[in-house]
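Single-letter residue listing:
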Amino acid sequence: MFKKKETEHYDYPQVCIFQDTHDENRFRSYLQNERMYNNETSIYIHVPYCKSICVFCNYFKLIWGTTSEEEVEAYVSSVEQEIEYYGSRLPERLKRISGIQFGGGTPTILPEHYMKRILEALRKNFDLSKCSLVSIEGTMDSLIIDDFECVSRLACMGFNRVSFGVQTFTPELRRKYGLVGKIEKFEELCAEFHKTGLTDFNIDLMYNYPEQNPEDVIQNIDKAFELGVTAIDLYSLNVFPETKLYHRYKQRGLWDDFINPEKENAYQMIYQFLKSRDDIHAIMGNTISKRRTAPHNTLSIQLGNNRDYGGSTIGIGPSSRGIIDGYVYKNYADMEKYVNGVKEKGNGISVSQEVSQEEMENRTIVMFPNFMHLNKNEAAALERHREKIDQLIEAGMLIETKDQLVIPKEHGYWVGNMSSMFYSTMQTKKMIKSYFQTRKHGFNLYNQDQMQVKKNEIVNTKGVGN
């Protein structure tokens, strides 16, 4: 049914720096109006610092060591202020936090005294009594230094989940792509997690490198689970136009091979392997686990908890995205603009949009392929999309029971394609227009910023707000 894999969709409806604005008065009024939604709330905090820049990573980040102590202090103070902004305005219902996620960047390299300040600000401004998850992202490099001291420090600060990128165990690929962290220390790191009681740890594995094959990835999956990893996020390598990796592939004659759908689709073998393994659970379209049967709550809430109006996420920090009831926003993907925005109005929002009820209901349908199933009575827009649902059923990619829609494990490879089928006409047009506007300004497509873009190829961006 599908010819080329699309990446998973985690952001709907989207906001665009060229088409949307932000009305602060309207936003404040919206936050303070009570609604009767029965949803959960999570908090996402973006810590943008990295020791080095992975060539394939498109998230907003700054190189640790190139920023002054004053600049780091300004960042942390802005995060504290933004936490206070939401804590002082949201109704009590939205201040009861179910999960907290520190992403980046590499949050594990932020010095302990700064992290403790952020955690204390959260405790002062929100109700964390039912917060079951405090999760942080890191790198192998940051976790193994000083005899794994970082692991015990995280446990002492109250973190109960850690996620970090391995991407591949293959030494040659790690060398080619500059992946940090001594891979020979991985087994010791896993043992250290168990020793400290931090037993919920997750790794990222990446596939579709031009120099890779599906068998390599399957071996990586088996190795990770053998060493006690809780869950694995499987990511297909994305290379956006005009980024450094795009030009590297072009210059080295790898681009045509990389975009060859036949070669990329060979990685469906991974999902056929997963189908054959009853002991491995597909807890999301691209997340697998032997020990868990459901995703961690911050991701689930971020994607709407697989039901209408099921989750709100408060995004804090530069480039963070948030959705509060039916209001979506994106913070500045620029540190100076973020800090100045917080000084001026208490938050770092660059653009935002109040979402209609119809689009919020569409959001449930767009997001459900990530969850691999949907309870039919929790999605009001289901019948509006009946024609496309029937197409998926006819193609064998979706199974309908009396109460549920279910995506078979072997079709988890295609969940991004399924999500895109359910975009509204308006959101599809907006996404296409955004694509061309972003390309025209020479920006990275992910955050509409200059991250990973070759500087000498950026056209004039004067007047662009992000």
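Coordinates for the structure precede this section.
All of these numbers come straight from a predicted model, not from anything done at the bench.

Re the packing of aromatic side chains
Aromatic ring pairs are described here by two measures, namely the spacing of the ring centres and the angle between the planes.
Reasoning step 1: Scanning the model with the defined rule gives 27 aromatic pairs in all.
Reasoning step 2: Measuring from centroid to centroid gives 4.9 Å for tyrosine 30 and tyrosine 327, while their planes differ by 65°, and the two rings are edge-to-face. Of this pair, tyrosine 30 sits in helix H1 (residues 24-32) while tyrosine 327 sits in strand E13 (residues 327-331), and the two are 297 residues apart along the sequence. When sorted by exposure, tyrosine 30 lands in the same class as tyrosine 327, which is buried.
Reasoning step 3: Aromatic pair phenylalanine 164 and phenylalanine 186: ring centres 6.2 Å apart, planes at 55°, arrangement tilted. Taken together, the residues phenylalanine 164 in strand E6 (residues 161-167) and phenylalanine 186 in helix H7 (residues 186-196) connect sequence positions 22 residues apart. By the burial criterion, phenylalanine 164 is buried, and phenylalanine 186 matches it.
Reasoning step 4: Taken together, the ring pairs connect Phe27, Tyr30, Tyr85, Tyr86, Tyr327 and Tyr329 into an aromatic cluster.
Reasoning step 5: The ring of phenylalanine 169 carries lysine 223 above its face, with NZ or CZ at 4.8 Å from the centroid.
Reasoning step 6: The ring of tyrosine 446 has arginine 321 lying over it, and the distance from NZ or CZ to the ring centre is 4.8 Å.

Quick look at the packing of helix H5 (residues 140-157) against H7
Reasoning step 1: Interhelical geometry of H5 versus H7 gives an angle of 5° and a closest axis separation of 10 Å. By the angle between their axes, H5 is roughly parallel relative to H7. Here Met140, Leu143, Ile144, Phe148, Val151, Ser152 and Ala155 of H5 come into contact with H7, specifically with Phe186, Glu188, Leu189, Glu192, Phe193 and Thr196.
Reasoning step 2: Looking at the contact of H5 with H7 residue by residue, the classes come out as nine nonpolar, two polar and two charged.

Each value, and the rule that gives it
Residues numbered from 1 in each chain as written. Predicted model: local features only at pLDDT ≥ 70, side-chain atom pairs only at ≥ 80, totals over all residues. Heavy atoms only, no water. Phe/Tyr/Trp six-rings, centres within 6.5 Å; stacked < 30°, edge-to-face > 60°. Helix = DSSP H or I, 4+ residues; strand = E, 2+ residues; numbered from the N terminus. Buried < 20%, exposed > 50% of the residue type's maximum accessible area, 1.4 Å probe, protein only. Lys NZ or Arg CZ within 6 Å of the ring centre and 35° of its normal. Axes fitted to C-alpha atoms, helices over the stretch in contact; angles between N-to-C directions. Parallel < 35°, antiparallel > 145°, perpendicular 65-115°, else oblique. Contact = heavy atoms within 4.5 Å. Nonpolar A, V, L, I, M, F, W, Y, C, P; charged D, E, K, R; others polar.

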